[in-house]
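Topology and contacts: notes
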Amino acid sequence: MADKKYAFVTGGSRGIGKAACLKLASMGYGILLNYHSNDEAANQAKQEIEAHGVECELLKFDVGNPAESEKFLTNWVESNEDKVIEVLVNNAGIRKDTLMMWMKEDEWHSVLDTSLNGFFYITRLLLKGMLTQKFGRIINVVSLSGLKGTPGQTNYSAAKAAIIGATKALAQEVGRRKVTVNAVAPGFIKTDMTEDINEKEYKSLIPAGRFGTSEEVAELIGFLASPHSSYITGEVININGGLYS
Ligand code: NAP
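These numbers come from a predicted model, not from an experiment.

Among the 31 residues in the neighbourhood of the ligand, the closest are listed as Ser13, Ser37, Asn91, Tyr156 and Thr191. Look at the ligand: alone it shows 910 Å² of surface, and the protein chains cover 95% of it. Only α1 (15-26), β2 (30-35) and α6 (154-174) provide two or more residues apiece to the shell around the ligand. Its residues assigned to classes, the shell around the ligand comprises 13 nonpolar, 14 polar and four charged.

Shown next, in the form of structure tokens:
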């Protein structure tokens, strides 16, 4: 695969996003790694990605901020006309759990801004290139919470459920141009986001008897990014050890 094909991964510096970057790098994609604030984690991820012999560029901005998203992506596209972004992984997300009766406006809006609005700001900017080149893979990282709803996570469940609806709608808009749009819905995955959740306490609920790993989710993302998945679009694929299916 030519070195000029790129994958853009939001929240690519840690957890599932980092594992997705490494998987896509192993498939030969140059990586555009977006993150928000943790420079040390981003630099570490960049080193590991470059060990696969591909380029990795760090793009530090808040995906929930439309002006920043537009500035960074437009600048990149304009100064890299010989390169194409084939794969977009909308992965950046945060949790701010609390019961709805206690939820503050910021806890609602920050979760929706990062996951849902971030999906919109980034995807609309990269879609034009994919439609013009008549190829693209958009993979949205949602959650079991967006399918079944999780108490204490009305904000997070709403954001993820909304992206599932958008995934299905967008897939129908762009299918003819060979752009596929799918979502992956993890259950409990061992990352910084779930470090406050006791695996021992919850694993008995999971048929597989354990939390999943970022690498397992990344394998699914890699498959959806690959030519092997060309007839799959508008789908939500569960990856949860049988917790819900
Ligand atoms: P994580 O370990 O907490 O990593 C989050 C990543 O997102 C980091 O790279 C972080 O960058 C970045 N990020 C956060 N806010 C951002 C923003 N406003 N703009 C740009 N980047 C931002 O999370 P994870 O567990 O890997 O989760 C990744 C995705 O999977 C999320 O969408 C999450 O909802 C979903 N998910 C996770 C699980 C799970 O069990 N872990 C289950 C279902 C779904 P900085 O470090 O710079 O802040």
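Attention now goes to the environment of Lys190. One can find Lys190 in the loop between β6 (179-186) and α7 (199-202). For the pair Lys190 and Ala225, spaced 35 residues apart in sequence, the C-alpha separation works out to 23 Å. Apart from the residues lying within four places of it in its own chain, the contact partners of Lys190 are Glu199, Phe211, Gly212 and Ser214.

One finds Leu24, Ile31, Leu33, Ile49, Val87, Val184 and Ile221 to be the most contacted residues of the largest nonpolar core, which totals 28 residues. Counting only elements with at least two residues in this core, the list comes to β1 (5-9), α1, β2, α2 (39-50), β4 (84-90), β5 (136-141) and α8 (214-225). Beyond its immediate chain neighbours, meaning those up to four positions away, Ile49 contacts Cys21, Leu22, Ala25, Ile31, Leu33, Val54 and Cys56. The next biggest cluster of nonpolar side chains, apart from the first, holds 21 residues, and it includes Val63, Ala92, Leu127 and Met130.

Following both chains from N to C, one finds α1 and α2 inclined at 20 degrees, their axes separated by 9 Å at the closest point. Judged by the angle between their axes, α1 and α2 are roughly parallel. Helix-helix and strand crossings are classified by hand; for α1 and α2 the assignment is right-handed. Of the residues in α2, those in contact with Lys18, Cys21, Leu22 and Ala25 of α1 are Gln44, Ala45, Glu48 and Ile49. Among the residues forming the contact of α1 with α2, the class breakdown is five nonpolar, one polar and two charged.

Calculation notes
- Residues numbered from 1 in each chain as written.
- Predicted model: local features only at pLDDT ≥ 70, side-chain atom pairs only at ≥ 80, totals over all residues.
- Heavy atoms only, no water.
- Near = heavy atom within 4 Å.
- Areas by Shrake-Rupley, 256 points an atom, 1.4 Å probe, with all protein chains shown as cover.
- Helix = DSSP H or I, 4+ residues; strand = E, 2+ residues; numbered from the N terminus.
- Nonpolar A, V, L, I, M, F, W, Y, C, P; charged D, E, K, R; others polar.
- Contact = heavy atoms within 4.5 Å.
- Core = buried A, V, L, I, M, F, W, Y, C linked by side-chain atoms within 4.5 Å.
- Buried < 20%, exposed > 50% of the residue type's maximum accessible area, 1.4 Å probe, protein only.
- Axes fitted to C-alpha atoms, helices over the stretch in contact; angles between N-to-C directions.
- Parallel < 35°, antiparallel > 145°, perpendicular 65-115°, else oblique.
- Left-handed = near helix turned anticlockwise from the far one by under 90°.

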